[in-house]
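# Coordinates in review
What follows is each chain in one-letter form.
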Amino acid sequence: MASFLTIRIGFFLAIRQVHRASIWTTSLIIFVMVLTFLNLVVVSGILVGLIQGAVDQARFEFTSDVIISAPDDKQYIENSPNLLALMRSFPEVQAVSGRYGSGAVLEANYKTRKETEKRNTANAQIFGIDPAQEDAVTHLSESVTEGDYLLPTDYDQVIIGQFLLSQYVPVDDPNFAALDNVGVGSKIRITVGDVTREVTVKGIIKSKVDALTRNMFMVDSQFRSMIGRNDGNVAQISVLLRPGTDPALVRDKLKQSGVDGYAKVQTYVDAQPQFLKDIINTFNMLGTVFSSMGLVVASITIFIVVFINAITRRKYIGIMKGIGIDGSAIRMSYVFQSAFYALLGSAIGLLLVYGFLVPFIDEHPIDFPFSDGILVAPVDETLFRVGLLVFSTIIAGYIPAWMIIRKNTLDSILGRN
Amino acid sequence: MKILKHAREKSGRAKRRRTEDFSPACFRILLAHNSMIEVKKLVKTFKNGSVETRVLKGIDFAVSDGEFIAIMGRSGAGKSTFLYQMSLLDEPTSGDVLVDGHSTREMTDAEEVIFRLQKFGYVFQDYALLPDLTAIENVALPLLMQNLISIEAYKKADDALTKMGLGHRLYNLPSQLSGGEQQRVSIARAIAHNPKVLFADEPTANLDNESSALIMDIFKRLHKEGQTIIMVTHEIQYAKRADRVVKFDDGKIISIEQQTIE
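Residues numbered from 1 in each chain as written. Chains lettered and ligands numbered in written order. Predicted model: local features only at pLDDT ≥ 70, side-chain atom pairs only at ≥ 80, totals over all residues.

## Some words on the overall build of chain A
Inclusion rule: What counts as a helix is a DSSP run of H or I of at least four residues, what counts as a strand is a run of E of at least two, and both are numbered from the N terminus. Our radius of gyration looks at C-alpha atoms and nothing else; its globule reference is 2.2 Å times the residue count to the power 0.38. Three exposure classes are used, all based on how many other C-beta atoms lie within 10 Å of a residue's own C-beta (placed from the backbone): buried at 20 or more, exposed at 12 or fewer, and partly exposed between those limits. For the purpose of contact definition, each residue receives a C-beta atom placed from its backbone, and two residues are in contact when these atoms lie within 7 Å.
Looking only at helices and strands, chain A features 13 helices and twelve strands. Over its C-alpha trace chain A gives a radius of gyration of 32 Å, far above what one expects of a compact globule, namely 22 Å for 417 residues. Its C-alpha atoms put chain A at 100 × 55 × 30 Å along the principal axes. Taken across its 417 residues, chain A has 43% of its residues classed as buried. The long-range fraction of contacts in chain A, counting pairs at least 24 apart against all pairs at least 6 apart in sequence, stands at 80%.

## Focus: the packing of helix α9 (residues 274-312) of chain A against helix α12 (residues 379-405) of chain A
Residues and elements named next belong to chain A. The line we're drawing: The convention used is that axes are lines fitted to C-alpha atoms, helices contributing only their stretch in contact, and that angles between N-to-C directions extend from 0 to 180 degrees. The sense of a crossing depends on the near helix, which, turned anticlockwise from the far helix by less than a right angle, makes the crossing left-handed and, turned clockwise, makes it right-handed. Gly is placed with the polar residues, together with every amino acid not listed as nonpolar (Ala, Val, Leu, Ile, Met, Phe, Trp, Tyr, Cys and Pro) or charged (Asp, Glu, Lys and Arg).
Axis separation between α9 and α12 bottoms out at 8 Å; the angle between their running directions is 30°. With respect to the hand of their crossing, α9 and α12 are arranged in right-handed fashion. Every residue of α12 that contacts α9 at S291, L295, A298, S299, I302, F303, V306, F307, A310 and I311 is listed here: R385, L388, L389, S392, T393, A396, G397, I399, P400, A401 and I404. Residues belonging to the contact of α9 with α12 are distributed by class as follows: 15 nonpolar, five polar and one charged.

## So, the sheet that holds strand β3 (residues 51-64) of chain B
How we decide: Whether two strands pair depends on DSSP finding at least two bridges between them.
Spatial strand order, β3-β2-β5-β6 (chain B): four strands in an open sheet with antiparallel pairing. Whereas interior strands pair on both sides, the edge strands pair on one side only; in this sheet they are β3 and β6 (102-103) of chain B.

## Here we look at the UniProt feature "domain: MacB-like periplasmic core" (unreviewed entry) in chain A
Note the threshold: UniProt positions are given in the numbering used here, feature names are shortened, and annotations may be inferred rather than shown by experiment.
Mapped onto this numbering, the UniProt entry annotates "domain: MacB-like periplasmic core" (unreviewed entry) at residues 46-256 of chain A. Counted over residues 46-256 of chain A, helix gives 29% and strand 32%. Its end C-alpha atoms are 38 Å apart.

## Here's the deal with the interface of chain B and chain A
Contacts between the two partners involve 19 residues from chain B, matched on the other side by 19 residues from chain A. Mapped onto the side of chain B that touches chain A, the elements with two or more residues apiece are α4 (109-119) and α5 (135-145) of chain B. The greatest single-element share of the side of chain B that touches chain A, amounting to five residues, is contributed by α5 of chain B. Tallied by class, the residues present in the side of chain B that touches chain A amount to 13 nonpolar, one polar and five charged.

## What about helix α7 (residues 220-227) of chain A?
Residues and elements named next belong to chain A. Rule in force here: Read the arc as the range of directions from the helix axis to the C-beta atoms.
Taken together, the buried positions of α7 are D220, F223 and M226. Each buried residue of α7 sits inside an arc of 115° when the element is viewed along its axis, so together they form one side. Contacts made by the buried residues of α7 are with β2 (93-108), β3 (120-129), β6 (187-192), β7 (195-205) and β8 (215-219). A positive phi of about 65° marks G228, the residue just after α7.

Structure representation (structure tokens):
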């Protein structure tokens, strides 16, 4: 049991041992602890951030904070104009965009195709949008990297997701047909139900969000005439909330208003597909596994460091015991030294993570194939990992010290085995 | 005790040496005195695999308060082993060591540590200073362990080092001191807490003649001040400064030489 006296003596010894140890040895140990800390925090943070990046992008570019969609048995939301008006009346709501939607068949190269050749078609969802409102909610114009974004006055013009165009599809996927030789200014034919219309590609959307890259957008007034809808009932409403507003609060408010009687009301989290939720859980588990391995490596490192330190100092440990220094005070000195290395390593690691890595990766996300990965390092989880690291390091420092200190005092002094 | 008092009273006079045959009768006389340390039937055996070596073969001995004992003998005679058993740095195979009449046989390791801290001081052949601590920190450490506040511990350590002539070396690390200076730091550490007994295991073995003489002068001074000292030495000229010279051979005391200082 550690008394105040043993803590005091342990601290006295630890400070002097650390202070007078070789600067290179101390630096090396701290460097190992920093790497261990980064291994604990950054590896799992990147794994989670990879998915979080995808989630954030889907939220930022398509679903926004709250998404209201047609029930499964309908293609539109009843009373959409009233619902849109209701949404705009909420003080928490910053912007709202209604989308008409329908499945369509796209066809390209129909003018040059010979009779014997297969038609060049692709299936896609077409959304009819108010370009200004949609841009206010999902910043869609920022994703148009070739050509131009839609204007409300555009006639028979579309913007099209990159993966509907074969030149942007990295590998041939038999499940997803794409249009050949289509770029900005190309004419394509779109068929919705019985209505076919020729349109011009005004812009190409490049993004890592499938809802954008595998679909097409046109001005809502044009699209309404294609689907013959004049009642203003849309298929989806994306709602951007004011910063700091909890989407779940608005969702619950809408449900209390009875909106969920005729539409699906979801936050961006609710709207995540199940596979994405599974991937998030999987990556969280992987992160935990890697963190645990990092923790074991850190513990073994400290164990070896303290063990070698204690072995080489065995004679002095014996002398201390000989002159009456309590074994628990000597053990305490190793505990303090271990804690010092772990805390300093963690402190430097924290500085690196929050002072450099998180802001840097936020500014320059890692370009993964399906998301712009960020570094997710919530402060509470990071502090928990610091605690875990310090705790395991202390244990790893205590055990070898205990092993050496319990040896016979005189044998230690005389260097006998 | 009478013998010892008598010896001290006569200190400063010419030395007169008297050799006594070692016999049980002699022990009875000695044990009859009020002994500070009493060793009873002390046996120490070392085991190396199946080989057993009996290094101490049933020693009886007693040390009185204020005595200066020199232990001599050939290498391997058992003198250092005897010192370690008496000073509770090692545990005898059988027998007992009584300090102030209290048996140490049943003491736990923790009790022995406290006992060593409070009652004993140690001077080792190789100085045994802690390399990470300065001279004053080396001396202050056991005092801090006795729960003295820092200022008091450092003051006592300063006094002890100054007494050893090292007032100018307080903040030097052992590696920055000569062998003689290190040994004086070691003595300062051993006496700073006013131990009942100072044990010294060949304190001059690693020193040149000048430093050795200085160390022995310090021992002499401490003895004059009433410090009980038990010292193992190879060197007869230093052993002559003791009240008694105990000679060891083959794990047994073969003679006790009473020296009277005139």
